[in-house]
Structure formats: structure tokens, C-alpha cells
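One letter stands for each residue in the lines below.
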Amino acid sequence: LQFIHKQGIVHRDIKPDNLYIGGKDSAKPFVVYGDFGYACIPAHEGACNRLLGSMGYFSKETCAAYLIRRPLTEVELVDEDMFALGATLYFAANNMLPYQFILNRFKEFADSREKQVLQLQAVLNDYTGVARPLYYDPVVDEVIGNLIDPYAGNRQSIAHLLAMLKFTLPEL
């Protein structure tokens, strides 16, 4: 993810279905992102002005921008990928999305994507806690929790989070 962001690309649809594991037979497997159908290059004006991706992997700031029809900035788009990465890691550790209980509350009542986004944003705005992972390592918990923090200003950079993980899990 850090590599594609350095190339000026945002993925916009990070979720378990779009991650592929390579090198399964080697001592060091790796993850490859696939399905770049929603990816964009923010430097190209207008290339990223639509809400794309999957419900449950959007942050509340993305919902807010969508509802007022404001394109996301490059910083917001990168942050959205980071939030989606956190939601993906949370799902891998817990077999559910971080705010699954919120999604379950309104899923059957919303008949359009706009209503779903509106309801998700409203609930996330009222939700002041962070859905904490239920993992075995406190540093991994902190990294995932940081990525899915409901307040974008509290989230760390990918470089900082990688440094934390490498210190705790040197085999990475």
C-alpha cells in the first residue's frame, strides 16, 4: 500500500476479497493488492470525485464528503485507503468488520447507497469509541485500532505503523 501511494495511486477498494497471498510455498509469503478497478490518481483532477468502494470500509469523513458531493482531497483518499486497510486487518483478526454492529442496525432499512452512507455517517458521528481488535498482541491491536480510529487526526502514517510492527514482529 505504501508503494502504490508513493506512485500517486490510491486503491479505493481495499477489502479481503481484493487481497491475494503470493509465495505461499516460500518462507516469506507476501500480500498483493488486486482489483484496481476503482483506483485513481488524485493528481488528475476529477479522477477521484465519486464514492467508490464497499460499505463497512468507509470512514466517516468519506461519508461526509460524499453526502455534500465534495470530492475527496489526495490526503483524504490516502487516509481512506488506510482506514480500509485497518478494517480489513480487523476483519482478518475477528471475522467481522469493526463497526459491524452499526451496519447490522440499518442495512435492511436502507434502499439506496446514499441512505446507507447517510445512516453510517450519522451513527459514526455519534460513536465516540473505537472498535478495538481482539487480537493476541497489544502492538498489533494498537496498529489496527489506530487505522480504524473514527477520528482521522488520530491516525498515524503508514511508515509509523510499519515501524511499530517491525519492532514487535521482526520477521515482517
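It should be emphasised that the depicted structure is a prediction, and the values quoted were computed from it without experimental measurement.

K.L.:
Pulling in residues and values, what's your account of the overall build of the protein chain?
P.N.:
From N to C terminus, the protein chain includes 7 helices and 2 strands. Order of helices (α) and strands (β) in the protein chain, N terminus to C terminus: α-β-β-α-α-α-α-α-α. Counting all 172 residues of the protein chain, 44% fall into the buried class. The long-range share in the protein chain, meaning contacts at least 24 apart out of those at least 6 apart in sequence, stands at 62%. A total of about 9700 Å² of accessible surface is found on the protein chain, and carbon and sulfur atoms cover 57% of it.

K.L.:
Lay out the packing of helix H6 (residues 138-147) against helix H7 (residues 158-168) with the relevant residues and their values.
P.N.:
Two elements in contact, H6 and H7, have axes separated by 9 Å at closest approach and are oriented at 165°. Classified by the angle their axes make, H6 and H7 are roughly antiparallel. H7 is crossed by H6, and the crossing has left-handed handedness. On the side of H6, the interface is formed by Val139, Val140, Glu142, Val143, Asn146 and Leu147, while H7 contributes Leu161, Met164, Leu165 and Thr168. Taken together, the residues that form the contact of H6 with H7 break down as 7 nonpolar, 2 polar and 1 charged.

K.L.:
Tell me about the confidence of the model for the protein chain, and name the residues and values.
P.N.:
With 75% of its residues at a pLDDT of at least 70, the protein chain reaches an overall mean of 78. Mean pLDDT across the secondary structure elements of the protein chain bottoms out at helix H4 (residues 100-106), with 63, and peaks at helix H1 (residues 2-6), with 89.

K.L.:
Outline the side chain of Ser59, listing residues and values.
P.N.:
Mapped onto the elements of the fold, Ser59 is located in the loop between strand E2 (30-33) and helix H2 (60-67). Exposure remark for Ser59: the relative accessible area of 1% places this residue in the buried category. At 2.7 Å, the side chain of Ser59 and the side chain of Glu80 are in polar contact.

K.L.:
Hey, could you go over the environment of Lys60 for me, with residue numbers and the actual values?
P.N.:
Tracing the sequence through the fold places Lys60 in helix H2. With a relative accessible area of 14%, Lys60 lands in the buried category. Residues Lys60 and Phe83, spaced 23 residues apart in sequence, show a C-alpha to C-alpha distance of 9.9 Å.

K.L.:
Report on the pattern of salt bridges, specifying residues and quantitative values.
P.N.:
Under the criterion given, the structure shown has 4 salt bridges. Put simply, Glu76 and Arg70 hold a salt bridge, and the shortest N to O gap is 2.9 Å. Three or more residues joined by partner-sharing salt bridges are found here, namely Glu61, Asp79 and Arg155.

K.L.:
Provide a residue-level description of unusual backbone geometry, including the pertinent values.
P.N.:
With glycine set apart, most residues show a phi of negative sign, and most peptide bonds adopt trans. Positioned with a positive phi, Asp35 is a non-glycine residue whose angle comes to about 55°. With respect to the helices and strands, the residue Asp35 is situated in the loop between E2 and H2. Residue classification places Asp35 among the partly exposed residues on the basis of a relative accessible area of 42%. Despite not being glycine, Asn95 has its phi angle at roughly 60°, a positive value. With relative accessibility at 63%, the residue Asn95 sits in the exposed group.

So, how was this worked out
- Just so you know, the residues in each chain are numbered from 1, in the order the chain's sequence is written.
- Local features in this predicted model are restricted to residues whose pLDDT is 70 or higher, and side-chain atom pairs enter the listing and the counts only when it is 80 or higher, whereas totals over whole chains, interfaces and linings include all residues.
- Neither water nor hydrogens contribute to the side-chain values; these are computed over all heavy atoms in the structure.
- Helix and strand assignments follow DSSP, with helices taken as H or I runs no shorter than four residues and strands as E runs no shorter than two, numbered in order from the N terminus.
- Exposure categories follow from relative accessible area, calculated using a 1.4 Å probe and restricted to protein chains: below 20% of the type maximum is buried, above 50% is exposed, and the middle band is partly exposed.
- In what follows, residue pairs with any heavy atoms lying within 4.5 Å of each other are defined as contacts.
- Exposure was quantified through the Shrake-Rupley algorithm and a 1.4 Å probe, taking into account, for residues, occlusion by the shown protein chains and nothing else.
- Note on geometry: axes are C-alpha line fits, over the in-contact stretch for helices, and angles between N-to-C directions span 0 to 180 degrees.
- In this scheme, roughly parallel covers angles under 35 degrees and roughly antiparallel covers those over 145, while 65 to 115 is roughly perpendicular and the rest are oblique.
- In this scheme, a crossing is called left-handed if the near helix is turned counterclockwise away from the far one by less than a right angle; it is called right-handed if the turn is clockwise.
- Lys, Arg, Asp and Glu make up the charged group, whereas Ala, Val, Leu, Ile, Met, Phe, Trp, Tyr, Cys and Pro make up the nonpolar group; the residues left over, Gly among them, are polar.
- Scored between 0 and 100, pLDDT is the confidence that the predictor attaches to each residue.
- The definition of a polar contact used here is a pair of N or O atoms within 3.5 Å, where within protein one atom must be able to donate a hydrogen and the other to accept one, and adjacent residues in sequence count solely through side-chain atom pairs.
- A side-chain nitrogen of Lys or Arg and a carboxyl oxygen of Asp or Glu constitute a salt bridge if their distance falls within 4 Å.

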